[in-house]
Structure formats: structure tokens, C-alpha cells
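These are the residues of each chain, in order.
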Amino acid sequence: MKIGIFDSGIGGISLLHEAMKKLPDEQYYFYADVDHVPYGVKSPEQISEYVEDIVGSFVNMGMDAIVIACNTATAVAADIVRKEFSIPIIGMEPAVKPAVNRALKTGGKVLVMATPVTIRENKLKSLIERVDDRHLVELLPMPGLVRLAEMEKFDGEEVDAYINEQLAVLDRSLYTEVVLGCTHFNYFKPAIIKSFEIENSKVDLVDGNEGTVRYLARVLGLDLKENEKVDNIEILDNIEILDSINVSYYESGRLVTEKEKLDKFRRLHQRLELVNRL
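Residues numbered from 1 in each chain as written. Predicted model: local features only at pLDDT ≥ 70, side-chain atom pairs only at ≥ 80, totals over all residues. Heavy atoms only, no water.

Some words on the overall build of the protein chain
Phase 1 of the analysis: Each helix and strand in the protein chain was counted, giving twelve helices and ten strands.
Phase 2 of the analysis: Scaling as 2.2 N^0.38, a compact globule of 278 residues should have a C-alpha radius of gyration of about 19 Å, and the protein chain matches this with 18 Å.
Phase 3 of the analysis: With the C-alpha coordinates aligned to their principal axes, the bounding extent of the protein chain is approximately 50 × 45 × 35 Å.
Phase 4 of the analysis: Sequence separation of at least 24 residues holds for 79% of the intrachain contacts in the protein chain that already meet a minimum separation of 6.
Phase 5 of the analysis: By element, 48% of the accessible surface of the protein chain is carried by carbon and sulfur atoms, the whole surface being about 12,700 Å².
Phase 6 of the analysis: Where the 33 positive side-chain charges of the protein chain centre and where its 46 negative ones centre are 3 Å apart. (Helix = DSSP H or I, 4+ residues; strand = E, 2+ residues; numbered from the N terminus. Rg over C-alpha atoms; globule rule 2.2 N^0.38 Å. Contact = heavy atoms within 4.5 Å. Areas by Shrake-Rupley, 256 points an atom, 1.4 Å probe, with all protein chains shown as cover. Lys, Arg positive; Asp, Glu negative; His and termini not counted. Charge placed at Lys NZ, Arg CZ, Asp CG, Glu CD.)

Observations regarding the sheet that holds strand S4 (residues 89–90)
Hydrogen bonds along the backbone pair up the strands of a sheet, which may run parallel or antiparallel.
Phase 1 of the analysis: Spatially, six strands are ordered S4-S3-S1-S2-S9-S10 in an open sheet, and the strand pairing comes out mixed. Across the chains shown, the open sheet's two edge strands, defined by having one partner strand only, are S4 and strand S10 (254–255).
Phase 2 of the analysis: Here helix H2 (residues 44–60) sits on the sheet and contacts strand S1 (2–7), strand S2 (27–32), strand S3 (65–68) and S4; the angle it forms with S1, its principal contact strand, is near 165 degrees.
Phase 3 of the analysis: The sheet contacts of helix H12 (residues 259–275) involve S2 and strand S9 (247–251), and relative to S9 the element is tilted by about 115 degrees. (Pairing = 2+ DSSP bridges. Axes fitted to C-alpha atoms, helices over the stretch in contact; angles between N-to-C directions.)

Notes on unusual backbone geometry
Phase 1 of the analysis: Val 37 connects to Pro 38 through a cis peptide bond whose omega is 0 degrees.
Phase 2 of the analysis: Turning to its location among the elements, Pro 38 is positioned in the loop between S2 and H2.
Phase 3 of the analysis: Phi at His 135 is positive, roughly 60 degrees, even though this residue is not glycine.
Phase 4 of the analysis: Take His 135: it is sitting in the loop between helix H6 (122–131) and strand S6 (137–141).
Phase 5 of the analysis: Judged by its relative accessible area of 66%, His 135 is exposed. (Buried < 20%, exposed > 50% of the residue type's maximum accessible area, 1.4 Å probe, protein only.)

Focus: the environment of Gly 12
Phase 1 of the analysis: The topology assignment puts Gly 12 in the loop between S1 and helix H1 (13–22).
Phase 2 of the analysis: With 58 residues separating them in the primary sequence, Gly 12 and Cys 70 have C-alpha atoms 6.6 Å apart.
Phase 3 of the analysis: Apart from the residues lying within four places of it in its own chain, the contact partners of Gly 12 are Ile 5, Asp 7, Phe 30, Ala 69 and Thr 183.

Considerations on the packing of aromatic side chains
Phase 1 of the analysis: Summed over all chains, the structure comprises eight aromatic pairs.
Phase 2 of the analysis: On the basis of an interplanar angle of 55 degrees and a centroid distance of 6.3 Å, the ring pair of Phe 6 and Phe 58 is categorised as tilted. Of this pair, Phe 6 sits in strand S1 while Phe 58 sits in helix H2; the two residues are 52 residues apart in sequence, bridging distant segments of the chain. Neither residue differs from the other here; Phe 6 and Phe 58 are each classed as buried. (Phe/Tyr/Trp six-rings, centres within 6.5 Å; stacked < 30°, edge-to-face > 60°.)

Brief notes about the side chain of Thr 72
Phase 1 of the analysis: Inspection of the secondary structure puts Thr 72 in helix H3 (residues 71–84).
Phase 2 of the analysis: By relative accessible area, which is 3% here, Thr 72 ends up buried.
Phase 3 of the analysis: Once residues lying within four places of it in the same chain are set aside, the contact partners of Thr 72 are Tyr 39, Gly 40, Ile 47, Thr 115, Val 117 and Thr 118.

Remarks on helix H9 (residues 189–197)
Residues that lie three or four places apart on an α-helix share one face, since the helix turns once every 3.6 residues.
Phase 1 of the analysis: Listed as buried for H9 are Lys 189, Ala 191, Ile 192, Ser 195 and Phe 196.
Phase 2 of the analysis: On its buried face, H9 sits against strand S5 (109–114), helix H8 (157–167), strand S7 (175–180), strand S8 (204–206) and H12.

Function cannot be inferred from these measures alone, as they are strictly geometric.
Laid out in C-alpha cells, this is it:
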């Protein structure tokens, strides 16, 4: 089946990566809207316009399903495009529910890191109201991580300084779960974990990629391939396996054919192989 996945930038590669591993026999089209990244600081009207254009393009390409691999775009425009198009359109939302369930067992609190727009929209507020009757969830905007991700700066002094600056207003010892409410944030798992360890705190990181792919499979009636234990497989070997999967990359509607840009996408998959083994 033909599956279209899109995001404002490279964040959605983390969702694509999970889909390729769990549903390796499908045909993928990944669309990074690099001309308009980041969505998280745009107006709802702008975001809706971008999303409608992308979904319309995917529909014209004959997709069997579309995944909005962006929490911000989902919060703002998912309901709009579902009314406009009859194709299955699957959105993302921060994985608050599983994080709250785990926090109830650990006795800690939940920190949701997201973009300012995701935090501001009613979709996230309604979700928290449904699943968090103990008031365990707190929200933290982290727009700078999107900018750093697009520059492929995932580690180092600048990354550490930004994360620690944003966390400085919080007592890190209170949190046992951190929800990554933006697909860009998945590249920063080592740095986020380290920022809590500075205060002798340990947290579990939760993202919505696996749950979204499982829902995608259910909607399309596809059988999931469960991820095998890969500790004894070199990351590059595993990337070569992913290279055999049918996927086309687009940047704001332009098919990517240049080796330099394709190499960038490959580096991103390599990064995700690394951080997903933490």
C-alpha cells in the first residue's frame, strides 16, 4: 500500500523509521515541508493552509493512507482535512495516557515537552483532562529543539545549554516520565536523559511513534512485524536493511534525488537507530 507521511521538517523521519521497521513491505512517501518549518511558531491559519495543500497532493498521488507525523499540525488541522478528504488521515498526539499510567506506578510526575502551538491548542488540553485526574502532567514548550534538529545539532554544548535553560524553572527530581510531544524531539533522547541525570534524576522517555504506527496498521488491516532484538547487529547493517524498503522523499513538493540530501536522510535514520537503543 502507498502511505504518505509528512511533517514540517525532519521530525517525521522518526515516525517513518518506526513504520519502515514495523511495516517493511509498504510503499512510503515522506514529505518534509522545509519551506515552512517550523510549524510550532506559525499561526493556526498558516498551518491549516500548509496541511491542506500537502494532503491534497498526497490524495492526488493515490495514497491509501496519510499520517500527519507532526503533533502541531495534528492539533491544528487534522479535523479540517478529515472533513475535506475521504482518505484515512491519521494524526499524532503526545503519548500522555501511557506516561500518566506509568507515573501512577512510580509515584512521579509527567513532563510533556512540545511546541508552543501544541501546548496552546485545545486538543492537548482535552487529552490531559481525560487521562490526568491526579494532575500529574505539566507542560514545557521547547521550540528551540526544532531549530537545532533542522541543523542536525543533536548533541553538544549548545543543545545541553538550551535544554538545561528550559528545565531550570522546574524541580527535575519530581518527574519520572517525559513525553516527547514533537517528532523532532526524538533525536535528542541522549541529551534529555543527561539533563535529568545532572540532578541525580532518572526519567523514562515516551513518544507516540509506536502507537501511531500500530493504529496505522489497524486502519489498513496490515500485520505488524515486531522489532527484533538488534543488540548484536551493527547500526549500519540495520540501516542497509532499511535501505531496501521502498521510500521516496520530498521537500515541500519537490522529489529529492540529490545524493547530498538523500545522504542526510540516511544519517537521520542512523541517528534514530542509535537513540532508539537507549
